[in-house]
Amino acid sequence: MKKIVFYLLFAILVSAQSHAQEVDLLTGEMELISDDSQDSTDSHTASPTNQATEEDQPKSSWFGFITRPLSKFFAEDEDVTVSANEETETPFDKSIRQANEGNLEDQMNLAYMYLYGTNGVKQDYDEAFKYYEMAAKQKDPIALNNLGSLYFNGIGTERDVKKALTLFESASALGNDNASLNLGFIYLTGGTKNPERNTKAIELFQKAAQEGNKIAQFMVGYAYYKGFVLPQDYQKAFISIRAAAIDDAKIDEAQMILSDMYAKGEGITQNYQKSITALRNAAGQGNMDAIVKLAEHYDIGDICPKTPVLAHSLYNIAAAQNIHGAAKKRDEIGQKLNNEMITAAQQNAANYQANPSELTSYIRQTYGNNLRYYIDINIK
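The rules behind each value
- Sequence order as written defines the numbering, with residues in each chain counted from 1.
- For this predicted model, a pLDDT threshold of at least 70 governs which residues receive local features, and a threshold of 80 or more governs which side-chain atom pairs are given and counted, while totals over whole chains, interfaces and linings are taken from all residues.
- Calculation of side-chain values draws on the structure's entire complement of heavy atoms; hydrogens and water are dropped beforehand.
- Strands are runs of DSSP state E lasting at least 2 residues, helices are runs of H or I lasting at least 4, and numbering of each runs from the N terminus.
- For the exposure calls, accessible area comes from a 1.4 Å probe over protein chains only, and a residue counts as buried if that area is under 20% of its type's maximum, exposed if over 50%, partly exposed in between.
- In short, Shrake-Rupley with a 1.4 Å probe defines the accessible areas, and a residue's cover is counted only from the protein chains shown.
- The span you would expect from a helix comes to 1.5 Å times its residue count less one.
- Identification of polar contacts relies on pairs of N or O atoms within 3.5 Å, with a donor-acceptor requirement for protein atoms, meaning one able to donate a hydrogen and the other able to accept it, and with residues adjacent in sequence counted only if both atoms are side-chain atoms.
- By nonpolar core we mean a set of buried residues, namely Ala, Val, Leu, Ile, Met, Phe, Trp, Tyr and Cys, connected to one another through side-chain atoms within 4.5 Å.
- Note on method: axes are straight lines fitted to C-alpha atoms, helices fitted across the in-contact stretch only, with angles between N-to-C directions ranging 0 to 180 degrees.
- In a left-handed crossing the near helix is turned counterclockwise from the far helix by less than a right angle, and in a right-handed crossing that turn is clockwise.
- Residue contacts are counted whenever heavy atoms from the two residues lie within 4.5 Å of one another.
- Basic side-chain nitrogens of Lys or Arg form a salt bridge, by our definition, when they fall within 4 Å of a carboxyl oxygen of Asp or Glu.
- The predictor attaches a confidence to each residue, called pLDDT, with possible values from 0 through 100.
- Classification of ring pairs rests on two measures: the distance between centres of Phe, Tyr or Trp rings, Trp counted by its six-membered ring, which must be within 6.5 Å, and the angle between planes, read as stacked under 30 degrees, edge-to-face over 60 and tilted in between.
- By definition here, charges over rings are those cases where NZ of Lys or CZ of Arg is within 6 Å of the ring centre and within 35 degrees of the ring normal.

Caption draft 1: Just the overall build of the chain, in detail. A tally of helices and strands in the chain yields 17 helices and three strands. The proportion of buried residues among the 380 residues of the chain is 53%. Of the roughly 17,200 Å² of accessible surface on the chain, 47% is carried by carbon and sulfur atoms.

Caption draft 2: Layout of helix α4 (residues 141-153). Taking 1.5 Å of rise per residue, the 13 residues of α4 would be expected to cover 18 Å, and the 19 Å separating its terminal C-alpha atoms lies within 8% of that figure. The element α4 is extensively covered by neighbouring structure, given that 11 of its 13 residues are classed as buried. Taken as a whole, α4 has its buried residues at A143, L144, N145, N146, L147, G148, S149, L150, Y151, F152 and N153. At the N-terminal boundary of α4, the capping side chain belongs to D140, with an oxygen 3.1 Å from the backbone nitrogen of I142.

Caption draft 3: Spotlight on the nonpolar core. Counting 39 residues, the largest nonpolar core has F185, F205, I215, F218, M219 and I241 as its most contacted members. Put simply, the parts of the chain that give this core at least two residues each are α6 (177-188), α7 (195-210), α8 (214-226), α9 (234-245), α10 (252-264), α16 (358-366) and α17 (372-376). L110, Y112, V121 and F152 belong to the second-largest nonpolar core, a separate cluster that totals 33 residues.

Caption draft 4: Up close: the packing of α4 against α6. In contact at an axis separation of 9 Å, α4 and α6 are set at 35 degrees when each is read in the N-to-C sense. Classified by chirality, the crossing of α6 by α4 is left-handed. Every residue of α6 that contacts α4 at N145, S149 and F152 is listed here: N178, A179, N182 and I186.

Caption draft 5: Highlighting the pattern of salt bridges. Per the counting criterion, the structure on display carries 10 salt bridges. When the shortest N-O distance is used, the salt bridge between D252 and R364 registers 2.9 Å. Taken together, the positions of D252 in helix α10 and R364 in helix α16 put the pair 112 residues apart, joining distant regions of the chain. You can call D252 buried: its relative accessible area is 3%. Between R372 and E253 there is a salt bridge, and its shortest N-O distance comes to 2.8 Å. On the criterion of sequence distance, the pair formed by R372 in helix α17 and E253 in helix α10 is long-range, its members being 119 residues apart. The same class applies to R372 and to E253, which are both buried.

Caption draft 6: Highlighting the side chain of S180. Tracing the chain through its elements places S180 in helix α6. Here the side chain of S180 touches S172 through a polar contact of 2.6 Å, side chain to side chain. Other than its neighbours up to four places away in sequence, S180 contacts S172, L204, K207 and A208.

Caption draft 7: Quick look at unusual backbone geometry. One non-glycine residue with positive phi stands out, namely K139, at about 65 degrees. Within the secondary structure, K139 is located in the loop between α3 (125-136) and α4. Although it is not a glycine, N322 sits at a positive phi angle of roughly 60 degrees. Summarising the element assignment, N322 is placed in the loop between α13 (308-320) and α14 (326-334).

Caption draft 8: The confidence of the model for the chain, seen in detail. On average, the chain scores 82 in pLDDT, and the residues at 70 or more come to 76%. Below a pLDDT of 50 lies the segment residues 1-62, which in the model reaches 196 contacts outside its immediate sequence neighbourhood of four places, other chains included. Low pLDDT, under 50, characterises residues 66-73; the stretch is placed with 33 contacts to residues that sit more than four places away or in other chains.

Caption draft 9: Geometry of the packing of aromatic side chains. The full count for this structure, using the stated rule, is 13 aromatic pairs. Both rings, one in F152 and one in F168, keep their centres 6.2 Å apart while their planes meet at 40 degrees; by these two values the pair is tilted. Here F152 is found in helix α4, whereas its partner F168 is found in helix α5 (residues 161-173), with 16 residues between them in sequence. Members of the aromatic cluster, joined through ring pairs, are F185, F205, Y362, Y367 and Y374. Its end group placed over the ring of F152, R159 keeps NZ or CZ at 5.2 Å from the ring centre.

Now the structure itself:
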């Protein structure tokens, strides 16, 4: 059954929507720098910027939560509202009646529709809050987490962080992995390097990871990789990070770290080919760190064949995003290429289109462009 994912800006009254479903990583133009064995059938696009700049860091953060899917009676794009002179009970009227009578599914559906103004329903944060509150009173873990996010952001109600944390904790105790994840990030963004808070954060990530949350699996893996709270253990790091890098997750940052681990032989036997493949996957998602690093490899020819045309293309892509030093490297390589090669390199760059996985897009819009920052900032 399809999940509908949406998130709210942490401390800012802004909302956005995304759908977390499995997608492939690389498409059409990216085949110019991808491995032949990789699939390339995704049509989603997003901003290719992923350089870890100061603006990317979580001065304010986003918090995500998942609703129940819309009822089978309502297609997601179906207008369920009717004119005022309709005498018979419509599906929408029925949903309102049943929600007020205590039907949890209708409460969740209506809350979602009012929050985003879907299915012909006018967006109304107050109504969204009302129905999530109804559902939360039934101790539904998803509703508790959602209501916590509304309180945390002050959407449909006055902002109340204390109530939000209480709701997150209740949802987490009932097994909601998104609530555990939210709490984990809250503890890491406490503003001080507090060992007790850091420990609690990792415990929450571990709990969510055990429940299958891929973002949490990456955070646990990265904690093992860096020796943050958990003892440094490359083998455990590899297992957890790889789980977040493949299959239905395909988190670009996980692919980046996985590439490093293959290149260095950390927690796994050294394998340059797999390192490059993982890096290509991250680059295909528009991860600027991966694009620059892949360009360096093609320029130097250290763990892959030296390919100046592709190095020029990648630096050109990075330069278009104002990545420091990328234009200079592109031009230096260009001085060694003939006109035909430069034309081909420029065409590659022009054809490039970032195709992040659904989960990568969700992470960027929810937690920022750099998940590693949450741990790194507490180490420095």
